[in-house]
Amino acid sequence: MLDHEEKFLFKEEILHLANSLADPGSLDNVEDLLTDVITSPRFDSEVFTLERSLQVMLGARAGTTLVGLLTVTPEVFEEVAEVRIPPEVHERLVAWRARFGLAIDNALNFLNNPDGIQGHNFATQIAHVEERRVLQGRLTLVRYNNEPQFFVADASVFLGLVTDIMERLGPYLEPDAAEPETLTRLRDAVNLIERKTATRG
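This text gives an overview of the structure that appears in the document.

Basis of the calculations
Residues numbered from 1 in each chain as written. Predicted model: local features only at pLDDT ≥ 70, side-chain atom pairs only at ≥ 80, totals over all residues. Heavy atoms only, no water. Axes fitted to C-alpha atoms, helices over the stretch in contact; angles between N-to-C directions. Helix = DSSP H or I, 4+ residues; strand = E, 2+ residues; numbered from the N terminus. Parallel < 35°, antiparallel > 145°, perpendicular 65-115°, else oblique. Contact = heavy atoms within 4.5 Å. Nonpolar A, V, L, I, M, F, W, Y, C, P; charged D, E, K, R; others polar. Salt bridge = Lys/Arg side-chain N within 4 Å of Asp/Glu carboxyl O. Buried < 20%, exposed > 50% of the residue type's maximum accessible area, 1.4 Å probe, protein only. Pairing = 2+ DSSP bridges. Patch = residues over 30% accessible without salt bridge, like charges linked within 9 Å, V, L, I, M, F, W, Y side chains within 5 Å. Areas by Shrake-Rupley, 256 points an atom, 1.4 Å probe, with all protein chains shown as cover. Core = buried A, V, L, I, M, F, W, Y, C linked by side-chain atoms within 4.5 Å.

**Points about the packing of helix H5 (residues 60-71) against helix H7 (residues 87-112)**
Part 1 of the argument: Interaxial distance between H5 and H7 falls to 7 Å at its minimum, and their mutual angle equals 85 degrees. Between H5 and H7, the angle falls in the class roughly perpendicular. Residue-level contacts link Leu66, Val67, Leu69, Leu70 and Thr71 of H5 to Leu93, Trp96, Arg97, Gly101, Ile104, Asp105 and Leu108 of H7.
Part 2 of the argument: Across the contact of H5 with H7, the residue classes break down as 8 nonpolar, 2 polar and 2 charged.

This is how it looks when you write it as structure tokens:
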């Protein structure tokens, strides 16, 4: 349950949200967005950007409040009934939570706590794009539940990915974080890429 200060802040956020939903058509527009997200074949990625989409539609503060309200615990959500907001807004909030809340909450929990990776495989292939031969990589990541996921992209995408990974891991590595063999492979790989991509005079 909320303490006195939390109740005051909660009330302020709900009032602000209600005001953002007071514009003509706002309730229908938000409901259309939530329906599109929940029925999208790209549900996970749509949920990932849902808060941003609501912020664009309602404003940064109200968008964040609405996502939180859809996924908050039942005890906290019941506090909405004590805030004086238009009945039509309260009815929609109750309906949205019942219809969309659980699915959105589960998806956000999954995105914030993704599965680990227990293995991977990487292969190359040649694709023919507009009469050109394009080198591509095929990455397979195996989750802890043994479910594989496949990703195909041009070579430049994977080179950029590897560069990002190394740049972001580098500053935080401990002295024993990388085996000598791994460092040797990294140096050999960079040298090979430099030789293969060097401009020939």
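**Looking at the pattern of salt bridges**
Pairing of side chains with opposite charge becomes possible as their charged atoms draw close.
Part 1 of the argument: Summed over the entire model, instances satisfying the criterion amount to 5 salt bridges.
Part 2 of the argument: Across the pair Arg168 and Asp164 runs a salt bridge whose closest N-O atoms are separated by 3.5 Å. Taken together, the residues span about one helical turn, with Arg168 and Asp164 both in helix H8 (residues 155-169) at a distance of 4 residues.
Part 3 of the argument: On the accessibility criterion, Arg168 (56% relative accessible area) is exposed.
Part 4 of the argument: Several salt bridges share partner residues, and in doing so they unite Asp28, Glu31, Arg92 and Arg99 into one network.

**Brief notes about the sheet that holds strand E1 (residues 117-129)**
Part 1 of the argument: Spatial strand order, E1-E2-E3: 3 strands in an open sheet with antiparallel pairing. Of all the strands in the sheet, the pair left with one neighbour each is E1 and strand E3 (148-154). Adjacent strand axes in the sheet meet at a mean angle of 20 degrees when their direction is disregarded.
Part 2 of the argument: Across the sheet, H8 is in contact with E1, strand E2 (132-143) and E3; its angle to E3 comes to roughly 110 degrees.

**Section: a nonpolar patch on the surface**
Part 1 of the argument: A grouping of Leu161, Ile165, Leu169 and Leu173 is seen on the molecular surface, where their side chains present a nonpolar patch of about 350 Å² in accessible area.
Part 2 of the argument: In this fold, Ile165 is placed in helix H8.

**Describing the nonpolar core**
Part 1 of the argument: Judged by nonpolar contacts, the single largest core of 31 residues is most densely connected at Leu21, Leu66, Leu93 and Trp96.
Part 2 of the argument: For this core, the secondary-structure elements that each account for two or more residues are helix H1 (4-20), helix H2 (26-39), helix H3 (43-48), helix H4 (50-58), H5, helix H6 (74-77) and H7.
Part 3 of the argument: Among the elements that make up this core, the one with the highest residue count is H7 (6 residues).
Part 4 of the argument: The contact partners of Leu93, leaving out residues within four places of it in the chain, are Leu17, Leu21, Leu66, Leu69, Phe77, Val80 and Ile85.

**Regarding unusual backbone geometry**
Part 1 of the argument: A positive phi angle is found at Glu130, which is not glycine, with a value near 50 degrees.
Part 2 of the argument: By the element assignment, Glu130 lies in the loop between E1 and E2.
Part 3 of the argument: Residue Glu130 is classed as exposed on the basis of its relative accessible area, which comes to 71%.
Part 4 of the argument: Residues other than glycine seldom take positive phi values, yet Glu131 does so here, at roughly 65 degrees.
Part 5 of the argument: As for its position among the elements, Glu131 is in the loop between E1 and E2.

**Observations regarding the pairing of E1**
Part 1 of the argument: Judged from the 12 bridges that link them, E1 and E2 form a sheet pairing that is antiparallel. Within E2, the position partnered with Gly119 by the bridge is Val142.
Part 2 of the argument: Count of turn residues in the E1/E2 antiparallel hairpin: 2 residues, of which Glu130 carries a positive phi of about 50 degrees.

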